[in-house]
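Each chain, letter by letter, is given below.
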Amino acid sequence: MAILDEKEVIAHLEPQVLSKTDWDNLTSNYRDSTLVKNERRVVITTKGEFDAIWYDRKTQRITERRPQKHIITWFIKDIDNKTMVMPFFDEEN
């Protein structure tokens with residue numbers, strides 16, 4: 001996570017090794033071992049920016065990029081129901 005100029009939050013998701021997705025059965029697997037060399041990297045922001053790349057770890061090259069705009073909603077988990085929701089930044093300060 002990064003906070004820029006006390007205004008924007010940016011989250012870099014952990015790289016994900018890609019698997020084969022069976023959309024008919026809604027499952028994933030690594031039967032095709034050639035996919036293991038690929039990973040997906042994603043960064044999302046409070047501005048709704050979502051940028052995903054597919055990275056070939058063997059050649060160290062980006063094989064695909066899909067920048068997008070999405071509505072982003074951020075949540076916190078309140079374990080004891082006592083947390084008061086506070087903004088990251090106070091506009092008055």
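Higher on the page you've got the structure.
Criteria and thresholds
- Residues numbered from 1 in each chain as written.
- Predicted model: local features only at pLDDT ≥ 70, side-chain atom pairs only at ≥ 80, totals over all residues.
- Heavy atoms only, no water.
- Helix = DSSP H or I, 4+ residues; strand = E, 2+ residues; numbered from the N terminus.
- Buried < 20%, exposed > 50% of the residue type's maximum accessible area, 1.4 Å probe, protein only.
- Contact = heavy atoms within 4.5 Å.
- Pairing = 2+ DSSP bridges.
- Salt bridge = Lys/Arg side-chain N within 4 Å of Asp/Glu carboxyl O.
- Core = buried A, V, L, I, M, F, W, Y, C linked by side-chain atoms within 4.5 Å.

Student: Which residues make up the environment of Ile 44, and what are the values?
Tutor: Its location among the elements puts Ile 44 in strand 6 (residues 38-45). Under the relative-accessibility criterion, Ile 44 is labelled buried at 15%. Measuring from C-alpha to C-alpha, the distance between Ile 44 and Leu 13 comes to 8.1 Å, with 31 residues separating the pair along the chain. Setting aside its immediate chain neighbours within four residues, Ile 44 contacts Val 9, Ile 10, Ala 11, Glu 49, Phe 50 and Trp 74.

Student: Give me the lowdown on the pairing of strand 8 (residues 61-69), citing residues and values where you can.
Tutor: The two faces of the sheet receive side chains in turn, since in a regular strand these alternate between them. Buried residues are scarce in strand 8, accounting for zero of its nine residues. Hairpin connection of strand 7 (residues 49-56) to strand 8: four residues between the antiparallel strands, including Gln 60 at a positive phi of 55 degrees.

Student: Residue-level account of the pattern of salt bridges, with values.
Tutor: The full count for this structure, using the stated rule, is six salt bridges. When the shortest N-O distance is used, the salt bridge between Lys 7 and Asp 5 registers 3.9 Å. Across the pair, Asp 5 and Lys 7 agree in class, each one exposed. The salt bridge involving Arg 41 is made with Glu 39; its shortest N-O contact spans 2.5 Å. In this structure, a network of salt bridges that share partners links the residues Glu 39, Arg 41 and Arg 57.

Student: Any chance you could break down the nonpolar core for me, citing the residues and the numbers?
Tutor: Judged by nonpolar contacts, Ala 11, Leu 18, Val 42, Ile 44, Phe 50, Ala 52 and Trp 54 together constitute the single largest core of seven residues. Those elements that provide at least two residues to this core are strand 6 and strand 7. With three residues, strand 7 is the single largest residue contributor to this core. Residue contacts for Phe 50: discarding those within four places in its chain leaves Arg 40, Val 42, Val 43, Ile 44, Arg 66, Pro 67, Gln 68 and His 70.

No statement about biological role is implied by the geometric values presented.
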